Amino acid sequence: ARLAALELAILEQASTAVRPGGLLVYATCSSEPDENSEVVARFLAAHPDFQRTEPPAAPRALAMAGVLDASRDLVTRPFAHDLDAFYAAFLVRQQAA
């Protein structure tokens, strides 16, 4: 819980530097949902000007490799991908209306 709170605070601070149309990548080397998708869900709930987007590079190849989940987040698991645990969410700040 302590790390998730710190990670949310870092994400909140980083988001202030993203201009409309800009991409923010939230990434961890953790497999814990409370540090990954739950942090992103809390952030998005508080920041309606951001939304998830596909990773900018080779989304089809990533999907075929089985590392994109239903939310379009990149997730690797040691038992499935022979890699360390890794998570990345791709968030875009919406253009001003």
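Here, every reference points to the structure presented above.
Residues numbered from 1 in each chain as written. Predicted model: local features only at pLDDT ≥ 70, side-chain atom pairs only at ≥ 80, totals over all residues. Heavy atoms only, no water.

Bringing the environment of Ser-30 into the picture now. Turning to its location among the elements, Ser-30 is positioned in the loop between β1 (23–28) and α2 (37–46). Remark: the alpha-carbon pair of Ser-30 and Arg-77, spanning 47 residues in sequence, is separated by 9.3 Å. In contact with Ser-30, other than residues within four places in its own chain, are Glu-35, Asn-36, Ala-85, Phe-86 and Tyr-87. Engagement of the side chain of Ser-30 in a polar contact is seen with the backbone nitrogen of Glu-32, the distance being 3.0 Å. Within the structure, the side chain of Ser-30 is placed 3.4 Å from the side chain of Glu-35, a separation counted as a polar contact. (Helix = DSSP H or I, 4+ residues; strand = E, 2+ residues; numbered from the N terminus. Contact = heavy atoms within 4.5 Å. Polar contact = N/O pair within 3.5 Å; in protein donor to acceptor, adjacent residues only side chain to side chain.)

Our focus in this paragraph is the packing of helix α1 (residues 2–15) against α2. Contact pair α1 / α2: the axes reach a minimum separation of 10 Å and the direction vectors enclose 45 degrees. Of the possible angle classes, the one that applies to α1 and α2 is oblique. The interaxial crossing formed by α1 with α2 has right-handed handedness. Where α1 approaches α2, its residues Ala-4, Glu-7, Leu-8, Leu-11, Glu-12 and Ser-15 are matched on the opposing element by Val-39, Arg-42 and Phe-43. (Axes fitted to C-alpha atoms, helices over the stretch in contact; angles between N-to-C directions. Parallel < 35°, antiparallel > 145°, perpendicular 65-115°, else oblique. Left-handed = near helix turned anticlockwise from the far one by under 90°.)

Formed by 15 residues in total, the largest nonpolar core has its most connected members in Leu-11, Leu-24, Val-40, Phe-43, Phe-50 and Leu-91. Going through the elements one at a time, α1, β1, α2 and β4 (86–93) are the ones with two or more residues in this core. Examining the composition of this core, we find that four residues originate from one element, α2, more than from any other. If we ignore the near neighbours within four places in the chain, the residues touching Leu-91 are Leu-11, Gly-22, Leu-23, Leu-24, Val-40, Phe-43, Leu-44, Phe-50, Gln-51, Arg-52 and Thr-53. (Core = buried A, V, L, I, M, F, W, Y, C linked by side-chain atoms within 4.5 Å. Buried < 20%, exposed > 50% of the residue type's maximum accessible area, 1.4 Å probe, protein only.)

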